[in-house]
Amino acid sequence: MISVKDLCKHYQVHKRPPGLKAAFRSVFHRSFTTVKAVDGITFDIRTGARVGFLGPNGAGKTTTLKVLAGLLHPTSGEVRVDGHVPRKREHAYLKKIMLVTGQKQQLLWDLPPAETFELNRAIYDVPAAEYRETVAELSELLELSDLITKPARQLSLGERMKCELAAALIHRPKVLFMDEPTIGLDVSMQAVIRGFIKRYNELRGATILLTSHYMDDVAALCPRVIVIDKGRLSYDGGLDALVRQVRPEKRVVLHLERPVSQADLAQLGKVVSHDTAEAVLQVAQEVVNATVTRALATLPVQDLTVENAPLEEVMSELFARSRAARESEPEAVPS
Amino acid sequence: MRLPPSARALPALFKVGFSEAVAYRAEFLVWMFSTTMPLIMLALWSAVARDAPVGRFGQKEFVAYFLATFIVRQLTGSWVAWEMNYEIRHGTLARRLLRPIHPMLMYAVQNLAAQPLRLVVALPMAVLWLASVGTGQLSRDPVLWMAWAAAMLGSWLVTFFSSFAIGSLSFFMESSVKIMDVWLTLFFVFSGYLIPVELFPPAVRTLGDWLPFRYQIGLPVELMTSAHDRHAALALLARQWAWVALLLLGALWLWRRGLRRFAAYGG
């Protein structure tokens, strides 16, 4: 469905130091630097997949999504989505996709969302019966009924995001590019949006490429992740495999009947955290069974779970490794 | 026969454009009353013509001319350059680009959808204009009235396409608003908005004939005030529509070239 080969997107950015003198000088002479937002990434995504596109701020995630959505022309490389070249922005292509961004809105600000839905119905040429069915379905799944007749500007962030999603899906896109769809939402609303995205993927077989800084989104939605940093690909594969690769150790979480000493815990593995009621140990994969057996035999354990390292830690570690690997490389090339 | 999807979307686009114009009605009315310069010029030129006519313009002719100018300006205005400048700089143009309809068409319908509100002001002015001219002075030639209708459409298209072309310059520079300011200065001088074109010295008038500005305001106003016979009207109309074609091509060329440079920052 999505094929990206050696994609590069470079920007010429005007740079000047602060101050009046520099501002005056820039009237006569401007210096530019080339910023490599995306620097030769390659990946493929099959139809119906849900893929997390991860990286720190400024990694090139949003730029890549914008190239895929046809908003930006790539500097070089080859991009195809369902047989289309996005930069050509053929109407047939635009009818198959949608880019949803958590920070920007496509709802008509002063009008009720129902007006945006109706406008999208007309623009995407959705047959009347299909439109009614889709709106009914989205209204039920997202509990929109009371919201769509209020002006968009009077909705809360969460309510607006639900309406944004509905507006984006009126034409039943086959490919959804989602840029931080849960940003700024409270925990329960994040869960609602996540559940909805998963349901849409299962119901329509849509391909979803999602960026998010909330690892709960990624864990709940994306069996596969692509990680980029400073425009370069640093990982592409299963989420579980990524965790195993970066943090092969397991966490043994002990719920204790009574307090135990740090020294007793240290005999079993590395103590990550410890208080009167709970202790977390980090142990190598191969010794998990032995550690569990010993813990049950020697400590007052009420309950016990074995977990992977938190995804946030895994990602931080991965980004730190990427940074270390490119430490000697220059960030930008003056032109 | 089934219409193309873009054409089928027009009524919905028009409806939304009108709803938005109504939603911003206070701002819209303020803007409309800020375009009352022809009424100021009317007062000024009427005072000048109190003692003796200026060219063929006595007080009555100036009243008819500047009321017609006000009506034409209300019905043929376009603000797309400012809108594009904002959307390109802030990246919000991305919203339009994601939709399977040409953004030029979307902007055009959005501008046209505000016309019914403008009629609220333009229609009473038209009644005033008729009262000042007197129905007996109106041309009885249907060809001239058809030419006027075509000139009104041409006037809007020259204004819209030139504004779209200038808006597209925002892809190449940090802001195209200053270019629009220069365009507006030339427009005020050469369009007949402040001074009837025929009062210019011959050399300036000849220059003005070859520039697009007269076809934004002057030509439809002149046709409303019976300034031309059939032959002269059709010749000027041909020039106006040549500008329409040229500006359309220029606007589309700039748009296509500029789009490659769109960075969608913040969008």
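Residues numbered from 1 in each chain as written. Chains lettered and ligands numbered in written order. Predicted model: local features only at pLDDT ≥ 70, side-chain atom pairs only at ≥ 80, totals over all residues.

> Help me out: how do you make sense of the sheet that holds strand S11 (residues 270–274) of chain A in this one?
The strands making up a sheet associate through hydrogen bonds between their backbones, and the pairing can be parallel or antiparallel. All names here are of chain A. Spatially, four strands are ordered S11-S12-S10-S13 in an open sheet, and the strand pairing comes out antiparallel. Each edge of the open sheet carries a strand with a single partner, namely S11 and strand S13 (301–307). For this sheet the average axis-to-axis angle between neighbouring strands, irrespective of direction, equals 20 degrees. Bridge count for strand S10 (residues 250–256) against S13 is six bridges, and the pairing is antiparallel. Across the sheet, residue leucine 256 finds its bridge partner in S13, namely valine 301. (Pairing = 2+ DSSP bridges. Helix = DSSP H or I, 4+ residues; strand = E, 2+ residues; numbered from the N terminus. Axes fitted to C-alpha atoms, helices over the stretch in contact; angles between N-to-C directions.)

> Is there a simple way to explain the pairing of strand S1 (residues 2–15) of chain A in this structure?
Every other side chain in a regular strand lies on the same face of the sheet, so the side chains alternate between the two faces. Residue and element names in this part refer to chain A. Note: S1 against strand S4 (residues 76–81), five bridges, orientation antiparallel. Residue isoleucine 2 lies in a different strand from S4, and its bridge partner there is valine 81. Sheet topology places S1 next to strand S2 (residues 31–45); twelve bridges connect them, and they run antiparallel. Counterpart to tyrosine 11 in the pairing with S2 is valine 35.

> Please clarify how the environment of Asp39(A) should be interpreted in this entry.
Residues and elements named next belong to chain A. The residue aspartate 39 is located in strand S2 in this model. Along the primary structure aspartate 39 and serine 76 are separated by 37 residues, whereas in three dimensions their C-alpha atoms are 9.4 Å apart. Ignoring any residue separated from it by four or fewer positions in sequence, one finds aspartate 39 in contact with Cys8, Gly231 and Arg232. (Contact = placed C-beta atoms within 7 Å.)

> Even after reading the chapter, I still don't get the sheet that holds strand S3 (residues 50–54) of chain A, so can you show me in this structure?
All names here are of chain A. What the six strands build is an open sheet, ordered S5-S6-S7-S3-S8-S9; its pairing is mixed. Of all strands in the sheet, those bounded by a partner on one side alone are strand S5 (97–101) and strand S9 (232–238). Sheet twist, expressed as the average angle between the axes of neighbouring strands with direction ignored, equals 15 degrees.

> What is the right way to read the packing of helix H4 (residues 113–123) of chain A against helix H2 (residues 10–23) of chain B from this model?
Packed helix pairs are specified by the crossing angle of their axes together with the interaxial distance, meaning the distance between the axes. Running from N to C, H4(A) and H2(B) cross one another at 155 degrees; their axes reach a closest spacing of 9 Å. When the interaxial angle is binned, H4(A) and H2(B) end up roughly antiparallel. Like other packed secondary-structure pairs, H4(A) and H2(B) cross with a definite hand, here left-handed. For the pair H4(A) and H2(B), contact is made by Glu115(A), Glu118(A), Leu119(A) and Ala122(A) and by Ala12(B), Leu13(B), Val16(B) and Ser19(B), respectively. Classifying every residue of the contact of H4(A) with H2(B) by side-chain character gives five nonpolar, one polar and two charged. (Parallel < 35°, antiparallel > 145°, perpendicular 65-115°, else oblique. Left-handed = near helix turned anticlockwise from the far one by under 90°. Nonpolar A, V, L, I, M, F, W, Y, C, P; charged D, E, K, R; others polar.)

> Got a minute to help me understand the interface of chain B and chain A in this structure?
Where interface size is given, it is often the accessible area lost as the parts come together that is meant. Facing the 21 residues of chain B at the interface are 24 residues of chain A. Of all the secondary-structure elements, those providing two or more residues to the side of chain B that touches chain A are helix H1 (5–8), H2 and helix H7 (93–97) of chain B. When residues in the side of chain B that touches chain A are grouped by element, the largest group, six residues, is from H2(B). Classifying every residue of the side of chain B that touches chain A gives 14 nonpolar, two polar and five charged.

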